[in-house]
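# Per-entry structural report
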Amino acid sequence: MTKEANKKESLIRNSGVQTILGSLLCIIIGLLIGYIVLLVINPGGAGTAIMAILKNFLYYPSAVAATKYFGTTLVKASALLMCSLSVLFAWKVGLFNIGVAGQYVIGVGASLYCALKLNMPWIVCLLAAVIAAAVVGGISGALKAYFNVNEVISCIMLNWIGLYCVNMLLSTVKEQSTPYTKPLESTNKGALLPNAGLDQLFSKNEFVTIGLPLAVIVAILVWIVLEKTKLGYELKATGMNKNAAKYCGMREKRNIILTMVIAGGLAGFGAAIFYLTGIEKWMVQQTSVPAMGFNGIAAAFLGGSNPIGAIFSSYFIQHITSGGAYVDKTMYCSQISDLISAFIIYLCGFVLFFKQWLNRFLDKRDEKKAAGRKGGEA
C-alpha cells in the first residue's frame, strides 16, 4: 500500500472525520425527509419552501439587507452555541444537562433585572447572569453528588421553577401597556453590550456586539479545558466511572458539582450575550421555557459533542430555524423549519451507529485484502 493510500485510510478511520461524515449524512437525509413532508402538505410550493429555509438571509435580493440579517442570524447562533456548550460539557462528564433551558432563563432574569432595575453596566449584568445560572446548575450537581438524584429529574423541575421565578422578578421592570420588559435602549443604554465596530461589518446591525467573538472564544476555551488540561481529564474520568475516580484520589463529588456549575454558567452567558444586545425583550407572561435551551441539545449532538463542531452545528440549526420565517405562510406554517430540524436531530442519534458500521466495513475490507495477498503469495 502506497503512502498516499495509507494517508487516505488513516483519514477515513479518524473519529472526527467519521463524525463529520455522519453529521452531514444526517443533515442530507433530514432535509430530504423534510422535503417529502412539504410535498405531502402542498406539492406546489415544496421546492420554493425548502429553498427559502436553506437560503434564510440570502432570501433578500439586496446585499445590504442580506448582510444585516446574516448578522442577526449570527447573534442568535452565538446564544445557541453557549447552550450547546453547556449540554456537551456536562455530557463529556457523563451528565445530561437537560436543565440548560432553565439555566438560560435564570441568566435572562439576572441580566435584565440588573440592567433595568438596578441600572448596572453591561459587564455586571453579564457576570450576574453567569453566576446566577451557575448556582442553579450547581444545585442539580449537588443533588446528584450527595443524594444521587438523577440530574434529568432535578433539571426539569428547576426549569419550571426558574421560569416562573423569572416571570415574577421581571414583572417589576415590565412596560405598563405590554407584557414585555422595558427596552434597554431607552432604560439603561450602558447595559447594552458594546459593538466595538462589529456592527459596521453587518450593514450597521446594532445587535452585532462583542458577544459574537466572545462566544467563539469560549468554545475554544471549553475545548482546551476538556482536552488539554488536568481538570478536564479528571472531570471526564469522573464521568466514566466516579468510583474508579474516587479510588484514584479524585474528588468525585466536587467534580460533579463543578461540572454542573460550569454548564450552568455557560447557559447564563448565552442568555446575557443575547438579551443584552437589545435584540429581544422578555415576556413576563411566558408559560414555556425558550426553545434556545432545547435547541442547544440538538446543536451539541449534531456537532459530535465537540466544542469546535458545536460552532458550526449551532449556526446551521439557527440558520434553518430562522429560514422558516421566509416560508410562504399561505401554504405552510413557519414551524416547518423546526420540524426539519427535529428530523435532523433525531437522525443524529444514528451517527454512532454510522461510525460503527463504517469501521466494521473497513475492517472487513482490510481482512479480504490481507486474505487475497496471502492467497497470491501461496
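Everything here concerns the structure above.
Everything quoted here is computed from the prediction, not taken from an experiment. One numbering rule holds for all chains: residues counted from 1, following each sequence as written. This being a predicted model, a pLDDT of at least 70 is required before a residue's local features are given, and a value of 80 or more before pairs of side-chain atoms are given or counted; all residues contribute to the totals for chains, interfaces and linings. Excluding hydrogens and water, the side-chain figures rest on all heavy atoms present in the structure.

### Topic: the overall build of the protein chain
- Each helix is a run of H or I in the DSSP string that is no shorter than four residues. Each strand is a run of E no shorter than two, and both are numbered from the N terminus. Looking only at helices and strands, one finds 16 helices and zero strands in the protein chain.
- In this setup the radius of gyration rests on C-alpha atoms only. A globule is expected at 2.2 Å times the number of residues raised to 0.38. Computed over the C-alpha atoms, the radius of gyration of the protein chain is 23 Å, within 12% of the 21 Å expected from 2.2 N^0.38 for a compact globule of 378 residues.
- Each principal axis of the C-alpha distribution contributes one length, and for the protein chain these read about 90 × 65 × 40 Å.
- Relative to its full complement of 378 residues, the protein chain shows a buried share of 47%.
- Any two residues whose heavy atoms approach within 4.5 Å are treated as being in contact. If you take every contact in the protein chain between residues at least 6 apart in sequence, the share linking residues at least 24 apart comes to 77%.
- Only carbon and sulfur atoms are counted for the fraction: they give 67% of the accessible area of the protein chain, which is about 18400 Å².
- By the counting rule applied here, Lys and Arg register as positive and Asp and Glu as negative, while His and the ends of each chain are not counted. Taken as the charge location is NZ of Lys, CZ of Arg, CG of Asp or CD of Glu. One way to put it: in the protein chain the 32 positive side-chain charges average out to a point 3 Å from where the 17 negative ones average out. Partly exposed describes any residue whose relative accessible area lies between the buried limit of under 20% and the exposed limit of over 50%, with all areas from a 1.4 Å probe on protein chains only and scaled to the type maximum. Under the convention used here, a 1.4 Å probe and the Shrake-Rupley method define accessible areas, while residue burial counts only the protein chains that appear.

### A look at the side chain of Ser-313
- Take Ser-313: it is sitting in helix α14 (residues 307-323).
- Given a relative accessible area of 5%, Ser-313 falls into the buried group.
- Separated by 2.6 Å, the side chain of Ser-313 and the backbone oxygen of Ala-299 make a polar contact.
- In this structure, Ser-313 is in contact with Ala-299, Leu-302 and Gly-303, ignoring residues within four places of it in sequence. Identification of polar contacts relies on pairs of N or O atoms within 3.5 Å, with a donor-acceptor requirement for protein atoms, meaning one able to donate a hydrogen and the other able to accept it, and with residues adjacent in sequence counted only if both atoms are side-chain atoms.

### So, the packing of aromatic side chains
- Pairs were defined over the aromatic rings of Phe, Tyr and Trp, the Trp ring being its six-membered one, requiring ring centres within 6.5 Å. Orientation was assigned from the angle between planes: stacked under 30 degrees, edge-to-face over 60, tilted for the rest. Summed over all chains, the structure comprises 13 aromatic pairs.
- Measuring from ring centre to ring centre gives 6.3 Å for Tyr-59 and Tyr-60, while their planes differ by 90 degrees; the resulting arrangement is edge-to-face.
- The class of Tyr-59 is partly exposed, set by a relative accessible area of 47%.
- Looking at Tyr-60, the relative accessible area reads 26%, which means it is partly exposed.
- An aromatic cluster is built from Phe-57, Phe-70, Phe-202 and Tyr-315, whose rings are joined through pairwise contacts.

### Concerning the layout of surface pockets
- For the largest pocket, the calculated volume is near 580 Å³.
- Lys-76, Glu-280, Ala-291, Met-292 and Thr-321 are, among the 23 residues lining the largest pocket, the residues nearest its centre.
- For the lining of the largest pocket, the class distribution of residues is ten nonpolar, nine polar and four charged. Cavities and pockets were defined on a 1 Å grid built from protein atoms only: a cavity is a group of points that admits a 1.4 Å probe but offers it no way out, a pocket is an open group of points flanked by protein on both sides within 12 Å along at least five of seven lines, and a lining residue is one with an atom within 4 Å of any such point. Grid points are joined across faces, edges and corners, and a volume is the space filled by probe spheres set on the points. Three categories are distinguished: nonpolar for Ala, Val, Leu, Ile, Met, Phe, Trp, Tyr, Cys and Pro, charged for Asp, Glu, Lys and Arg, and polar for the others, with Gly belonging to the last.

### Considerations on the nonpolar core
- Ranked by internal contacts, the top residues of the largest apolar core, which has 89 residues, are Met-82, Leu-85, Tyr-104, Leu-112, Leu-184, Leu-276 and Trp-282.
- Each residue touching Leu-276, except ones within four places of it in the same chain, is listed here: Ser-111, Ala-115, Trp-122, Cys-125, Leu-126, Leu-184, Ala-191, Leu-192 and Leu-193. Among buried residues, those of type Ala, Val, Leu, Ile, Met, Phe, Trp, Tyr and Cys that are joined through side-chain atoms within 4.5 Å constitute a nonpolar core.

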